[in-house]
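What follows is the residue order along each chain.
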Amino acid sequence: MDNKVNVVIGGEIITLKSNEQPDYLQRLARYADEKINDIKSKSVTASIDDHVRTLLIALNIADDYHKALEKYQRVDTLHKQLVGEMAKLQEENVRLSLEMKTVQSELSRTKQELDEFIKSFDAEDPPEAENILTLPNTKRKAAM
């Protein structure tokens, strides 16, 4: 579907016909108009002809495009690195989860063994313990 939209660029009304949305075409036109006004506002460009001015505008737009492309490439590279790191961390998480389950199983088994040991110890008759406080008196009486 072709969209027709009237835009103002460099003080001129231009009718654009495109498959793009009208608001997008308006944003493009505003951007181009801002670049034209920026170049026109510089005193150094006041004495140059329209052809050179147009080339400067095109060069400024190309500069913006390439700087944006470089930023995108840096962000894309960083994104790929982060995705790789995330995959490694997810693998580490799986490994640690398995290790934790193993440790929990060992802990449960050790706790069960300890409980069984305590039950067996409690089940035995405790050895007869002598009262330390009466022991010396007993020996003293015997020696008398």
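Residues numbered from 1 in each chain as written. Predicted model: local features only at pLDDT ≥ 70, side-chain atom pairs only at ≥ 80, totals over all residues. Heavy atoms only, no water.

K.L.:
Whenever I open this one, the pairing of strand 2 (residues 12-18) confuses me. Can you help?
P.N.:
Remember that side chains alternate between the two faces of the sheet whenever the strand is regular. The pairing of strand 1 (residues 3-9) with strand 2 spans 7 bridges and is classified as antiparallel. Across the sheet, Ile9 pairs through a bridge with Glu12, a residue of strand 2. Taking the residues that link successive antiparallel strands as the turn, the strand 1-strand 2 hairpin has 2 residues, and the phi of Gly10 there is positive, at about 60°. (Pairing = 2+ DSSP bridges. Helix = DSSP H or I, 4+ residues; strand = E, 2+ residues; numbered from the N terminus.)

K.L.:
In this structure, what is going on with a nonpolar patch on the surface? I would like to understand it.
P.N.:
The grouping of Leu114, Phe117, Ile118 and Phe121 at the surface amounts to a nonpolar patch, some 430 Å² of accessible area in total. With respect to the element layout, Leu114 can be found in helix 2 (residues 50-123). On the basis of relative accessible area, Leu114 is assigned to the partly exposed category, the value being 47%. (Patch = residues over 30% accessible without salt bridge, like charges linked within 9 Å, V, L, I, M, F, W, Y side chains within 5 Å. Areas by Shrake-Rupley, 256 points an atom, 1.4 Å probe, with all protein chains shown as cover. Salt bridge = Lys/Arg side-chain N within 4 Å of Asp/Glu carboxyl O. Buried < 20%, exposed > 50% of the residue type's maximum accessible area, 1.4 Å probe, protein only.)

K.L.:
Even after reading the chapter, I still don't get the pattern of salt bridges, so can you show me in this structure?
P.N.:
Between side chains of opposite charge, a pair can form when the charged atoms approach closely. In the structure shown here, the tally under the stated rule is 10 salt bridges. Note that Lys67 is salt-bridged to Asp63, the shortest N-O span being 3.2 Å. One end of the pair is Lys67 and the other is Asp63, both in helix 2 and 4 residues apart, which spans about a single turn. The residue Glu99 makes a salt bridge to Arg95 at a minimum N-O spacing of 2.9 Å. One end of the pair, Glu99, and the other, Arg95, are both in helix 2, 4 residues apart, so they sit about a helical turn from each other. Judged by relative accessible area, which is 40%, Glu99 ranks as partly exposed. When salt bridges with common partners are traced through the structure, they connect Glu92, Arg95 and Glu99 into a single cluster.

K.L.:
When you look at the environment of Asn3 in this model, what are you seeing that I'm missing?
P.N.:
You can see Asn3 is positioned in strand 1. Take Asn3: its relative accessible area is 11%, and that puts it in the buried class. Measuring from C-alpha to C-alpha, the distance between Asn3 and Leu25 comes to 9.5 Å, with 22 residues separating the pair along the chain. When near neighbours in sequence (up to four residues on either side) are disregarded, Asn3 contacts Leu16, Lys17, Ser18, Asn19, Glu20, Gln21 and Pro22. (Contact = heavy atoms within 4.5 Å.)

These figures capture arrangement, not role.
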